[in-house]
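# Inside the fold
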Amino acid sequence: MKICVLVKEVPDAQVSKRINPSSGRLDRSGEKNLNPYDTHAIEAAMQIKEGGAVEVDEIVAVTMGPDTAVRALHKAVSLGADRSVQLTDDALAGSDVAATGYALAQVLEKESPDLVLLGQQSDDGECYTIGAIVADHLQMPSLTQVIKMDVEDGGLRCERQAEYGYDTVQVELPAVISVGDAINEPRYPSLKAIMGAKKKPLDTKAAGDVGIDAGRVGGDGSQVQCGNFKEPPQKAAGEIIEDEDTNETVERIVAWLDERKLI
């Protein structure tokens, strides 16, 4: 079995998320990291490999992003992936989720995986649909919010979260599975794995290398166009009442509420 895991570079959790008004896109100038939801997908792949129910030949981390995204791939490899593939091309900048799904599917088609895993969402755009779009292009069955996965009879027996409880679904391979963050607890990479990550094979692809139609990607090839984003107006400073005289403080608060017809 060959498993491909889709991963993404996102702004670090400590970085304030903001839209760049000049481009209409997310400002990615700060510190970046591997999407935390994707670590659950890597761990799920590792558990299948270590479980012994099926022989896993390799786990391949796949991303689409600028040059800096290689650091996310290094993190994915340190967590257990055997090698990585980076799709990077200026023509891809500004792609919406539909264009991104198409581009990633072109890479995956060349890899011919038996199973594609990814996290339930990205930590920046919080889009839950990329797995379904990739599956549609690859003509593979797709499941989302999977929290349990067992290899059975050449396929997967999956338990997925639903609004009313849980579904148990038997899916044939090849398939695209989006795992929920409740599926496992991702392992921490060892120091040896971190140091050796940069030595693992990394295959860099341009759009033309995988047969991507330039008219279907990038800002011009996207169906979603960003609007006119503006910074929200600054809020007026609040009033702080020091509690030197409790009675006077209460009177001032009551008067403040009464003035705004809140009582």
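A separate point is the packing of helix α3 (residues 97-111) against helix α4 (residues 130-138). How two helices sit against one another is set out by the angle between their axes and by the gap between those axes. Orientation of α3 relative to α4, taken along the N-to-C sense of each, is 50 degrees, at an axis distance of 8 Å. When the axes of α3 and α4 are compared, the pair comes out oblique. When you trace α3 past α4, the crossing you get is right-handed. Counting all contacts with α3, which are made through Val97, Ala98, Thr100, Gly101, Tyr102, Leu104, Ala105, Leu108 and Glu109, the residues of α4 involved are Ile130, Ile133, Val134, His137 and Leu138. Partitioned by chemical class, the residues of the contact of α3 with α4 number 10 nonpolar, 3 polar and 1 charged.

Taken as a whole and assessed by the stated rule, the structure comprises 0 aromatic pairs. Above the ring of Tyr102, the side-chain terminus of Arg216 is found at 3.9 Å from the ring centroid.

A word on the side chain of Thr39. Along the polypeptide, Thr39 turns up in helix α1 (residues 36-51). Engagement of the side chain of Thr39 in a polar contact is seen with the backbone oxygen of Pro36, the distance being 2.5 Å. When residues no more than four places from it in sequence are discounted, the contact partners of Thr39 are Leu34, Leu79 and Pro186.

Approximately 320 Å³ is the volume found for the second largest pocket. In this structure, the second largest pocket is lined by 17 residues; those nearest its centre are Pro36, Thr39, Lys75, Pro186 and Tyr188. Residue contributions to the lining of the second largest pocket peak at 3 residues, all from α1. Among the residues forming the lining of the second largest pocket, the class breakdown is 9 nonpolar, 3 polar and 5 charged.

If you check helix α6 (residues 246-259), its first and last C-alpha atoms are 20 Å apart, about what 14 residues at 1.5 Å a residue would give, namely 20 Å. With its phi angle positive at about 55 degrees, Lys261 sits one or two positions after the end of α6.

A surface patch of nonpolar side chains, amounting to about 480 Å² of accessible area, comprises Val250, Val254, Trp256, Leu262 and Ile263. Structurally, Ile263 can be placed in the segment after α6.

Turning next to the sheet that holds strand β10 (residues 155-162). Whether parallel or antiparallel, the strands of a sheet pair through hydrogen bonds between backbone atoms. Pairing within the open sheet is mixed, and its 9 strands lie in the order β11-β10-β9-β12-β8-β1-β6-β7-β13. Each edge of the open sheet carries a strand with a single partner, namely β11 (165-172) and β13 (202-205). Ignoring which end each strand starts from, the neighbouring axes of this sheet average 30 degrees apart. The pairing of strand β9 (residues 142-152) with β10 spans 6 bridges and is classified as antiparallel. Bridge pairing links Val146 to Arg160 in β10. Where α1 meets the sheet, it contacts β1 (2-6), β6 (58-64), β8 (115-119), β9 and β12 (175-179), and its direction lies at approximately 145 degrees from that of β8. Along the sheet, helix α2 (residues 70-78) makes contact with β6, β7 (83-87) and β13, crossing β7 at roughly 160 degrees.

Reading the values: the criteria
- Residues numbered from 1 in each chain as written.
- Predicted model: local features only at pLDDT ≥ 70, side-chain atom pairs only at ≥ 80, totals over all residues.
- Heavy atoms only, no water.
- Axes fitted to C-alpha atoms, helices over the stretch in contact; angles between N-to-C directions.
- Helix = DSSP H or I, 4+ residues; strand = E, 2+ residues; numbered from the N terminus.
- Parallel < 35°, antiparallel > 145°, perpendicular 65-115°, else oblique.
- Left-handed = near helix turned anticlockwise from the far one by under 90°.
- Contact = heavy atoms within 4.5 Å.
- Nonpolar A, V, L, I, M, F, W, Y, C, P; charged D, E, K, R; others polar.
- Phe/Tyr/Trp six-rings, centres within 6.5 Å; stacked < 30°, edge-to-face > 60°.
- Lys NZ or Arg CZ within 6 Å of the ring centre and 35° of its normal.
- Polar contact = N/O pair within 3.5 Å; in protein donor to acceptor, adjacent residues only side chain to side chain.
- 1 Å grid on protein atoms, 1.4 Å probe; cavity = no way out; pocket = protein on both sides within 12 Å on 5 of 7 lines; lining within 4 Å.
- Points joined across faces, edges and corners; volume = space filled by probe spheres on them.
- Expected span 1.5 Å × (residues − 1).
- Patch = residues over 30% accessible without salt bridge, like charges linked within 9 Å, V, L, I, M, F, W, Y side chains within 5 Å.
- Areas by Shrake-Rupley, 256 points an atom, 1.4 Å probe, with all protein chains shown as cover.
- Salt bridge = Lys/Arg side-chain N within 4 Å of Asp/Glu carboxyl O.
- Pairing = 2+ DSSP bridges.

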